[in-house]
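Report on the structure
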Protein chains: 2
Amino acid sequence: MTYCVGLMVDEGMVLLSDTRTNAGLDNIATYQKMFTFEEPGERVIVILTAGSLSTTQTVIAKLSEAIEHPDATPETSFMLAPTLLAAVDIIGNMLSDVTLEISEKMNRMNQAASASFIVAGQRAGGEARMFLVYPEGNYIEATHDTPYLQIGEHKYGKPILDRVIRKSTSLKDARKAALLSMDSTLRSNLSVGMPLDLAMIRDGEYQVSQYQRIEAGDPEFSALSDSWSKALRDSFAAIHWAAS
Amino acid sequence: MTYCVGLMVDEGMVLLSDTRTNAGLDNIATYQKMFTFEEPGERVIVILTAGSLSTTQTVIAKLSEAIEHPDATPETSFMLAPTLLAAVDIIGNMLSDVTLEISEKMNRMNQAASASFIVAGQRAGGEARMFLVYPEGNYIEATHDTPYLQIGEHKYGKPILDRVIRKSTSLKDARKAALLSMDSTLRSNLSVGMPLDLAMIRDGEYQVSQYQRIEAGDPEFSALSDSWSKALRDSFAAIHWAAS
């Protein structure tokens, strides 16, 4: 499985993904699930992927091919699309087409090939927007009320986000929340694993403002994880349930 | 859906269940999912149920009927079974039989009828034991290493348990952890709802030492929930991620 989360706050966006893929518990590998497309100062789009690796790889490869094609048009290359919504349409249609194509082969074997994406981006003159694209190609958008999107193993890391993330949260705090949400997931589910890819897009910069690969044993991530565990245990010890 | 959790610590056991059932989001009802069987001072067994309501109700009804039957034997009534393991066998077999029977009808409609149980109990002269019974009737047991079992929507409430529950945790703290685990689930998943049923079985008492129904708006549960939210937010604000 996978855990990817995207937070959209006033100051910008935080994208975080793990890198573990598995075909059965005895066939584990590391694959990047974060893909960055940039024309710095003009347009940035980050795609996070979850689901069947053959589907996600094929979609990313075909989208990249379309961008690099000499005859690329605003209808085929999402980097030329006039709006972010038009870009997400291109991505969603590609995901839908590839899913259908691979599923036809997989169905003969009774297997599934579905995948979903988080697409986050901003183009010069436009607002930062973030979408969750479903296997069918349709999508929903992060909003003021729900300023985060998750794909993959999303349940373990949801309670912390529900409690601390608002649209007005600082980008720094959003980054911390994304990492703690990932930390809870890593602890509780073996199919999500290090290293992590973390990207931040500051509003109005139209590029990835900061990218970081966080390896297993990263001293700063370990310290964050330990402090959080300690803080949780201390909080747990400190609060009282009057009836007990 | 449902969330039920059972914790087994040295001092005893804590069982907690929600009461929400739904057949679609527009057909929500309250049903008890905790069933207590006692012969105080001799034997106590508590069953928590998750899954298809028709299956769980039928299993509990048939098990109760077998206990009350004038010709009940140690093979038919789990309250007469010589050991807790034998009791769980009876419960598991009944669950398996009913699941099969209902599934045969349901399969015609392409619907599922599976259910799972947490069974916790102790008889005079025996140790406290806790089992998770699968729809197929087989089961696993809580151990020193993993002193808790969950059924239903278990992911939201797992991180807190993973962090604070050990076999040596006090019964009072186990109770608090069960309630906080439920609180995280209630906040993140609409299909789990108040009121809650909470039972505690102190080791060696062979009866439910304390039972409580916690209604929506219960001032003590609300206070616990608010303190926990505040503690989490404070902890979140207090810890630092050096790189940020």
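Below is a short write-up of the structure. (Residues numbered from 1 in each chain as written. Chains lettered and ligands numbered in written order. Predicted model: local features only at pLDDT ≥ 70, side-chain atom pairs only at ≥ 80, totals over all residues. Heavy atoms only, no water.)

What to know about the packing of aromatic side chains
Evaluation of the coordinates by the stated rule reveals 4 aromatic pairs over all chains. Plain terms: the ring middles of F37 of chain B and F78 of chain B are 4.9 Å apart, the flat faces sit at 80 degrees to each other, and that makes the pair edge-to-face. Here the residue F37 of chain B occupies a position in strand β5 (residues 34–39), and F78 of chain B occupies one in the loop between α1 (53–68) and α2 (84–107), the gap between them amounting to 41 residues. One residue, K176 of chain A, lies across the ring of F236 of chain B, its end atom 4.7 Å from the ring centre. (Phe/Tyr/Trp six-rings, centres within 6.5 Å; stacked < 30°, edge-to-face > 60°. Helix = DSSP H or I, 4+ residues; strand = E, 2+ residues; numbered from the N terminus. Lys NZ or Arg CZ within 6 Å of the ring centre and 35° of its normal.)

Notes on the relation of the copies chain A and chain B
Between chain A and chain B, the superposition needs a rotation of 180 degrees and an axial shift of 0.0 Å, giving an RMSD of 0.0 Å. Overall, the copies show the geometry of a two-fold rotation axis. Identified as the residue of chain A closest to the rotation axis by C-alpha distance is Y156 of chain A, at 2.4 Å. With an isologous cut-off of 70% or more, the 100% of interface residues of chain A that recur at the interface of chain B puts this contact in the isologous class. (Least-squares fit on C-alpha atoms with pLDDT ≥ 70 in both. Contact = heavy atoms within 4.5 Å.)

Describing the packing of α1 of chain B against α2 of chain B
Residue and element names in this part refer to chain B. Between α1 and α2, whose axes approach to 9 Å, the crossing angle comes to 135 degrees. By the criterion of interaxial angle, the relationship of α1 to α2 is oblique. The chirality of how α1 crosses α2 is right-handed. Packed against α1, whose contacting residues are S54, T55, T58, V59, K62 and L63, the element α2 presents I90, I91, M94, L95, V98, T99, E101 and I102 at the interface. (Axes fitted to C-alpha atoms, helices over the stretch in contact; angles between N-to-C directions. Parallel < 35°, antiparallel > 145°, perpendicular 65-115°, else oblique. Left-handed = near helix turned anticlockwise from the far one by under 90°.)

A word on helix α5 (residues 219–238) of chain A
Given 3.6 residues per turn, any residue in an α-helix points the same way as the ones three and four places further on. All names here are of chain A. The end-to-end C-alpha distance of α5 is 28 Å, a good match for the 28 Å that 20 residues give at a rise of 1.5 Å each. Among all positions of α5, only F221, L224, S225, W228, S229, A231, L232, S235 and F236 are buried. Looking straight down α5, one finds its buried side chains confined to an arc of 165 degrees; they lie on one side. Exposed residues pointing more than 90 degrees away from the buried face of α5 are listed as P219, A237 and A238. The distance from a side-chain oxygen at the start of α5 to the backbone nitrogen of E220 is 3.0 Å, and the residue carrying that oxygen is D218. (Expected span 1.5 Å × (residues − 1). Buried < 20%, exposed > 50% of the residue type's maximum accessible area, 1.4 Å probe, protein only. Arc of directions from axis to C-beta. Polar contact = N/O pair within 3.5 Å; in protein donor to acceptor, adjacent residues only side chain to side chain.)

Focus on the layout of surface pockets
Taken as a whole, the largest pocket spans an internal volume of roughly 340 Å³. Around the largest pocket, the lining comprises 17 residues; the ones closest to its centre are T21, N22, A23, G51 and L53 of chain B. Per-class residue counts for the lining of the largest pocket are 6 nonpolar, 9 polar and 2 charged. Lining the second largest pocket are 15 residues, with M1, T21, N22, G51 and L53 of chain A positioned closest to its centre. When residues of the lining of the second largest pocket are traced back to their parent elements, those giving at least two are β3 (20–22), β6 (43–51) and α1 (53–68) of chain A. Among the residues making up the lining of the second largest pocket, the classes are represented as 5 nonpolar, 8 polar and 2 charged. (1 Å grid on protein atoms, 1.4 Å probe; cavity = no way out; pocket = protein on both sides within 12 Å on 5 of 7 lines; lining within 4 Å. Points joined across faces, edges and corners; volume = space filled by probe spheres on them. Nonpolar A, V, L, I, M, F, W, Y, C, P; charged D, E, K, R; others polar.)

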